[in-house]
Amino acid sequence: MKSSAYFLMLTSFFLFNCSNPKTEEEDVVIAPPIEEPIPTVESNPVEGGKKIAMQTGGVLMANLTKAIAADGTENALTFCSTQAIPLTDSMSVALNSTIKRVSDKNSNPNNKANEEELAYITSVKETLSKGEQPTPKLTVVDGKNVAYYPIMTNQLCMQCHGKPNSEVLPNTLAKIKSLYPNDMAIGYAINELRGIWVVDFEAN
C-alpha cells in the first residue's frame, strides 16, 4: 500500500504541465507494451483503476526522466507540452479506459477540474487538514466506473510548482510562463494535494 501511494505521489512531478498537443516534429516516444494484466476490475474496481493510473504514470515518468537527463528541467517542460497527451491517449487505448489528470490549480485549461472533481479535491484537502490519509473515490456514471485518486507533491515537484525564484528557478519560471501564460500551479509545498487522477473504465 505504501509503495502504491508513493508511486501516485511521485507521478505528480511535472505531470500537470504536460497537457498541450504536439506542435512540432520531435522524436516520438512510444508507450511500452503492457507486460502485466490489470487486476480484474469487476472484483476490485478501486484497485483496478489505481493500477491503470499507476501504469500510465509510470510511462509518463519514464519519459520525463529521459527528457530531464537529456537537457534538464526546461527540456522536460518542452517534452511535457508536446508529448504527454499522445502518451496518455495511447495508454487509454492500451488499457481500455479514459485517463486524465485534473486540478483546482491548473497550468493548462485542459487540466481544469469539473464540479464533481472539485468536490473530491475539496474533500481530500479537508481530510489532509485533519492529519488523515485520503482514500480513492469510486462512482458509476452511465454504466462506467469513474475513479478518483489523489496526487500529492514531493520534493521533485518543487522544481516547477514550488516557490517562485527559489525552488522554481527564474529560467524554469520563464519557460513555464511562455508555455502556460495563465499558470496557477505555483507556490506549492511538499505533501500538498497537487490534483487527482481520473480513470473511467467499464463497470462489469
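Provided above is the structure to which this section pertains.
Presented here is an overview of the structure given in this document. This is a predicted model, so every value here is computed, not measured.

1. Remarks on helix α5 (residues 170-179)
Note on helix geometry: an α-helix contains 3.6 residues per turn, so any two residues three or four positions apart are oriented the same way.
Step number 1: Considered for burial, the residues of α5 that qualify are T172, L173 and I176. Projected down its long axis, α5 carries its buried residues within an arc of 100°, all on one side. Those residues of α5 that are exposed and angled more than 90 degrees off the buried face are N171 and S178.
Step number 2: In this structure, the buried side of α5 is in contact with α2 (45-94) and α4 (158-161).

2. A short note on the side chain of T56
Step number 1: On the secondary structure map, T56 appears in helix α2.
Step number 2: In this structure, T56 is in contact with T88, M91, L95, I99 and W197, ignoring residues within four places of it in sequence.

3. Considering the packing of α2 against α5
Step number 1: Packing of α2 against α5 brings their axes to within 9 Å, and their N-to-C directions diverge by 15°. Judged by the angle between their axes, α2 and α5 are roughly parallel. For the pair α2 and α5, the crossing hand works out as right-handed. Listed contacts from α5 to T73, E74, L77, T78 and S81 of α2 are N171, T172, K175, I176 and L179.
Step number 2: Looking at the contact of α2 with α5, its residues break down into three nonpolar, five polar and two charged.

4. Things to note about the sheet that holds strand β1 (residues 97-102)
Step number 1: Ordered by their spatial adjacency, four strands build an open sheet running β1-β4-β3-β2, and the pairing between neighbours is antiparallel. Only two strands of the sheet have a single neighbouring strand rather than two, namely β1 and β2 (137-141). Ignoring which end each strand starts from, the neighbouring axes of this sheet average 20° apart.
Step number 2: Note: strand β3 (residues 144-152) against strand β4 (residues 193-202), nine bridges, orientation antiparallel. Across the sheet, the residue bridging to Y149 is W197, located in β4.

Conventions we followed
- Residues numbered from 1 in each chain as written.
- Predicted model: local features only at pLDDT ≥ 70, side-chain atom pairs only at ≥ 80, totals over all residues.
- Heavy atoms only, no water.
- Buried < 20%, exposed > 50% of the residue type's maximum accessible area, 1.4 Å probe, protein only.
- Helix = DSSP H or I, 4+ residues; strand = E, 2+ residues; numbered from the N terminus.
- Arc of directions from axis to C-beta.
- Contact = heavy atoms within 4.5 Å.
- Axes fitted to C-alpha atoms, helices over the stretch in contact; angles between N-to-C directions.
- Parallel < 35°, antiparallel > 145°, perpendicular 65-115°, else oblique.
- Left-handed = near helix turned anticlockwise from the far one by under 90°.
- Nonpolar A, V, L, I, M, F, W, Y, C, P; charged D, E, K, R; others polar.
- Pairing = 2+ DSSP bridges.

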